[in-house]
Amino acid sequence: MAFTHDVDRHWLTTAIDLSRLSPPSPSHYAVGAVVVDRHGAVLATGYTGEAHPAHHAEEAALAKLAGRRDFELAGATMYSSLEPCTTRRSRPTSCTRLILAAGFGRVVLALREPSLFADCEGVRILEDGGVTVVEHPGLGDLVRDVNAHLLAPAV
């Protein structure tokens, strides 16, 4: 399957829709994630706080893939509504490191993480690790809307 702008936009919008399931919190962003294989099939989804209040969206999606061997993540794409974190207070491993360890070839995101809680270098670290990162900033306002409890609208 070719990952075109429209295909990426579709799955990223799905991730943003998932982020709406995350309960608003003063201590974390609401984020959604979708893992799609090279053929366009959804392997897993996740959102912030889905299984545990401290779980991030990417972490929740990856946990659903644990132990499975029927796919290869090198050809898969992680769609995340917000840039994967590089700093965690609640867990020893950041989402960026989890994505690198899983072997993803691509990550698509709508908005870089604002520096409200921590400085984030997810895009740089992923690219340095050989991951193709695609940004769709045109969807950033949707992510800001979901996180309006934390973020002022873009001017």
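Reading guide: rules and limits
- Residues numbered from 1 in each chain as written.
- Predicted model: local features only at pLDDT ≥ 70, side-chain atom pairs only at ≥ 80, totals over all residues.
- Heavy atoms only, no water.
- Helix = DSSP H or I, 4+ residues; strand = E, 2+ residues; numbered from the N terminus.
- Contact = heavy atoms within 4.5 Å.
- Buried < 20%, exposed > 50% of the residue type's maximum accessible area, 1.4 Å probe, protein only.
- Salt bridge = Lys/Arg side-chain N within 4 Å of Asp/Glu carboxyl O.
- Core = buried A, V, L, I, M, F, W, Y, C linked by side-chain atoms within 4.5 Å.

In the nomenclature of an unreviewed UniProt entry, the protein is known as dCMP deaminase of Actinoplanes flavus.

Moving on to the environment of R91. With respect to the helices and strands, the residue R91 is situated in the loop between β3 (77-82) and α3 (95-102). Expressed as a C-alpha distance, the spacing of R91 and G46, which sit 45 residues apart in the sequence, is 17 Å. For R91, the residues in contact, after removing those within four places along its chain, are H52, A54, H55 and E59.

Position of S22 relative to the elements: it lies in the loop between α1 (5-19) and β1 (32-36). The buried category is assigned to S22, whose relative accessible area is 5%. Measuring from C-alpha to C-alpha, the distance between S22 and N147 comes to 10.0 Å, with 125 residues separating the pair along the chain.

Summed over the entire model, instances satisfying the criterion amount to 7 salt bridges. Here K64 ties to E50 by a salt bridge, and the two come within 2.8 Å at their closest N and O atoms. Taken together, the positions of K64 in the loop between α2 (57-63) and β3 and E50 in the loop between β2 (42-47) and α2 put the pair 14 residues apart, joining distant regions of the chain. Relative accessible area serves as the criterion here: at 38%, K64 is assigned to the partly exposed category. The shortest N-O distance in the salt bridge between R124 and D128 comes to 2.9 Å. Taken as a pair, R124 and D128 lie in helix α4 (residues 122-128) at a separation of 4 residues, close to a single helical turn.

The next thing to look at is the nonpolar core. Within the largest apolar cluster, 42 residues are counted, with the highest numbers of intra-cluster contacts made by V35, L65, L73, M78, Y79 and F104. Contributions of two or more residues to this core are made by α1, β1, β2, α2, β3, β4 (106-111), α4 and α5 (140-146). Per element, the largest residue contribution to this core is 6 residues, and it comes from α1.

Let's shift gears to the environment of I99. On the secondary structure map, I99 appears in helix α3. Judged by its relative accessible area of 0%, I99 is buried. On a C-alpha basis, the gap between I99 and V143 in space is 21 Å, while along the polypeptide they are 44 residues apart.

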